[in-house]
Amino acid sequence: DAMVIQNPRYQVTQFGKPVTLSCSQTLNHNVMYWYQQKSSQAPKLLFHYYDKDFNNEADTPDNFQSRRPNTSFCFLDIRSPGLGDAAMYLCATSSGGPGSNQPQHFGDGTRLSIL
Amino acid sequence: DQQVKQNSPSLSVQEGRISILNCDYTNSMFDYFLWYKKYPAEGPTFLISISSIKDKNEDGRFTVFLNKSAKHLSLHIVPSQPGDSAVYFCAALTGGTSYGKLTFGQGTILTVHP
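What counts and what doesn't
- Residues numbered from 1 in each chain as written.
- Chains lettered and ligands numbered in written order.
- Predicted model: local features only at pLDDT ≥ 70, side-chain atom pairs only at ≥ 80, totals over all residues.
- Heavy atoms only, no water.
- Patch = residues over 30% accessible without salt bridge, like charges linked within 9 Å, V, L, I, M, F, W, Y side chains within 5 Å.
- Areas by Shrake-Rupley, 256 points an atom, 1.4 Å probe, with all protein chains shown as cover.
- Salt bridge = Lys/Arg side-chain N within 4 Å of Asp/Glu carboxyl O.
- Helix = DSSP H or I, 4+ residues; strand = E, 2+ residues; numbered from the N terminus.
- Buried < 20%, exposed > 50% of the residue type's maximum accessible area, 1.4 Å probe, protein only.
- Pairing = 2+ DSSP bridges.
- Axes fitted to C-alpha atoms, helices over the stretch in contact; angles between N-to-C directions.
- Disulfide = S-S within 2.5 Å.
- Contact = heavy atoms within 4.5 Å.
- Buried area = accessible area lost by both parts, 1.4 Å probe.
- Polar contact = N/O pair within 3.5 Å; in protein donor to acceptor, adjacent residues only side chain to side chain.
- Nonpolar A, V, L, I, M, F, W, Y, C, P; charged D, E, K, R; others polar.
- Phe/Tyr/Trp six-rings, centres within 6.5 Å; stacked < 30°, edge-to-face > 60°.

All names here are of chain B. A contiguous nonpolar surface patch, about 220 Å² in accessible area, is contributed by Ile18, Ile20 and Val78. Within the secondary structure layout, valine 78 lies in the loop between strand E8 (72-77) and strand E9 (86-93). Looking at valine 78, the relative accessible area reads 42%, which means it is partly exposed.

Structure representation (C-alpha cells):
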C-alpha cells in the first residue's frame, strides 16, 4: 500500500542535543508538510515543501529546520531541543499543489520526548 | 488565537444513533474544510471535505454541513458504529483547495457504545 512512513515512532533525546525525524512516502506526492501537535492541542503547521521550494510558517522557531533531498524523503531537524519541543510530529503529503483538492495524507507520527 | 474551534472535547453516542460533531471558525477567508479521523497511535485519516461554494457533502454514512453565515460546520455520522470511535478533527484552508496550511481544531473524542 502506498503510504507515508515516519521513523522512528518514538524518539527520546536530551535537552539541547540535536535530533532528526524522518518521513518517507511512496505516494509520489510533490508536497510534504511537517506539523507539531502538543498534548490535547490542535496540530500546527511548521513548514512545507512544494517540490523543492521550502515554505516556512512565520511563527516556526529558528530551532526547527527541514531538508528534502528527493521527492520521497523529508527530514525535520531540531537543532537544540528544549523541553517545550516535546510533542507529536506529524508528516503529511499531498499532490498537485495550489489548485488541487487532493487531501493531505498523514503518517502515524513521531512522539518526541526531551530528557 | 484559535481560528478553528471544536467546543465539545468529547461525545458519547449509542450504536445505531446519529453522531453530530460541531466545528466553528472565525476566519472568513477559510473556504475549504475537511474532517479527519484519528485512532490512537495512528496519524489522522482524511474523512470528508466541503468547499465553501456548497452547503452539504455526503459520502456514505458521513455528511458534512456548512453554514457560512454562522461560520459553522458539522459532521453527521448515521448510523454510528463502534468502529467510528476515534478523535475527529475539523480543519480549514484558504484558497479554495486542499493545498496549503491546514488549521485544525482541537479535536472531539467520539465514543460509540454497542
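Back to the write-up after that little detour.
Residues and elements named next belong to chain B. What the five strands build is an open sheet, ordered E1-E3-E8-E7-E6; its pairing is antiparallel. Two strands lie at the open edges of the sheet, namely strand E1 (4-5) and strand E6 (56-59), each paired on one side alone. With six bridges joining them, strand E3 (residues 19-25) and E8 adopt antiparallel strand pairing. Opposite asparagine 22, over in E8, you have serine 74 as the bridge partner.

Residue and element names in this part refer to chain A. Reading across the sheet, the four strands line up as E1-E3-E8-E7 and stay open at both edges, with antiparallel pairing between neighbours. Here the strands that pair on one side only, and so sit at the sheet edges, are strand E1 (4-7) and strand E7 (64-67). Sheet twist, expressed as the average angle between the axes of neighbouring strands with direction ignored, equals 20 degrees. Two elements, E1 and strand E3 (residues 19-25), share four bridges in a ladder whose sense is antiparallel.

Residues and elements named next belong to chain A. Applying the stated criterion across every chain, the model contains two disulfides over all chains. Disulfide partner of cysteine 23: cysteine 91, at an S-S distance of 2.0 Å. Sign of the S-S torsion, about -75 degrees for the bond between cysteine 23 and cysteine 91, identifies this disulfide as left-handed. On the criterion of sequence distance, the pair formed by cysteine 23 in strand E3 and cysteine 91 in strand E9 (residues 87-94) is long-range, its members being 68 residues apart.

So, on to the pattern of salt bridges. The full count for this structure, using the stated rule, is four salt bridges over all chains. A salt bridge links lysine 101 of chain B to glutamate 57 of chain A, with the shortest nitrogen-to-oxygen separation between them at 3.2 Å. Note that lysine 101 of chain B is positioned in the loop between E9 and strand E10 (103-104) and glutamate 57 of chain A in the loop between strand E6 (53-56) and E7, a pairing that runs across two chains. Its relative accessible area of 39% is what places lysine 101 of chain B among the partly exposed residues. Two residues, aspartate 77 of chain A and arginine 67 of chain A, come together in a salt bridge whose shortest N-O distance is 2.7 Å. Pair noted here: aspartate 77 of chain A is in strand E8 (residues 73-78) and arginine 67 of chain A is in strand E7, with a separation of ten residues, a long-range link. For arginine 67 of chain A, a relative accessible area of 39% corresponds to the partly exposed category.

With that settled, the discussion passes to the interface of chain B and chain A. Quite often, the size of an interface is put as the accessible area lost when its parts meet. With 21 residues of chain B at the contact, the number on the chain A side is 24 residues. For the pair chain B and chain A, the two sides together bury roughly 1800 Å², of which 56% comes from carbon and sulfur. Three residues stand out in chain B for area buried against chain A, namely Ser98, Tyr99 and Phe104 of chain B, and they jointly supply 33% of the buried area on that side. The interface formed by chain B and chain A includes one salt bridge. One can count five residue pairs in polar contact (both at pLDDT 80 or more) joining chain B with chain A. The biggest single contributor to the side of chain B that touches chain A is strand E4 (residues 32-38) of chain B, with four residues. Here the side of chain B that touches chain A is composed, by residue class, of ten nonpolar, eight polar and three charged.

Before going further, it helps to spend a moment on the packing of aromatic side chains. Applying the stated criterion to the full structure yields 14 aromatic pairs over all chains. Their ring planes at 85 degrees and their centres at 5.3 Å tell us that phenylalanine 106 of chain A and tyrosine 36 of chain B sit as a pair that is edge-to-face. Linking phenylalanine 106 of chain A in strand E10 (residues 105-106) with tyrosine 36 of chain B in strand E4, this pair reaches from one chain into another. Comparing phenylalanine 106 of chain A with tyrosine 36 of chain B, the two get one shared label, buried. Consider the rings of phenylalanine 106 of chain A and phenylalanine 104 of chain B, whose centres lie 6.1 Å apart with planes at 70 degrees: the pair is edge-to-face. Here phenylalanine 104 of chain B lies in strand E10 and phenylalanine 106 of chain A lies in strand E10, a pairing that spans two chains. The exposure classification of phenylalanine 106 of chain A matches that of phenylalanine 104 of chain B, with both residues buried. The rings of Tyr33, Tyr35 and Phe106 of chain A together with Tyr36, Phe46, Phe89 and Phe104 of chain B are connected pair by pair, giving a single aromatic cluster.

Read these as layout, nothing more, since geometry by itself doesn't imply function.
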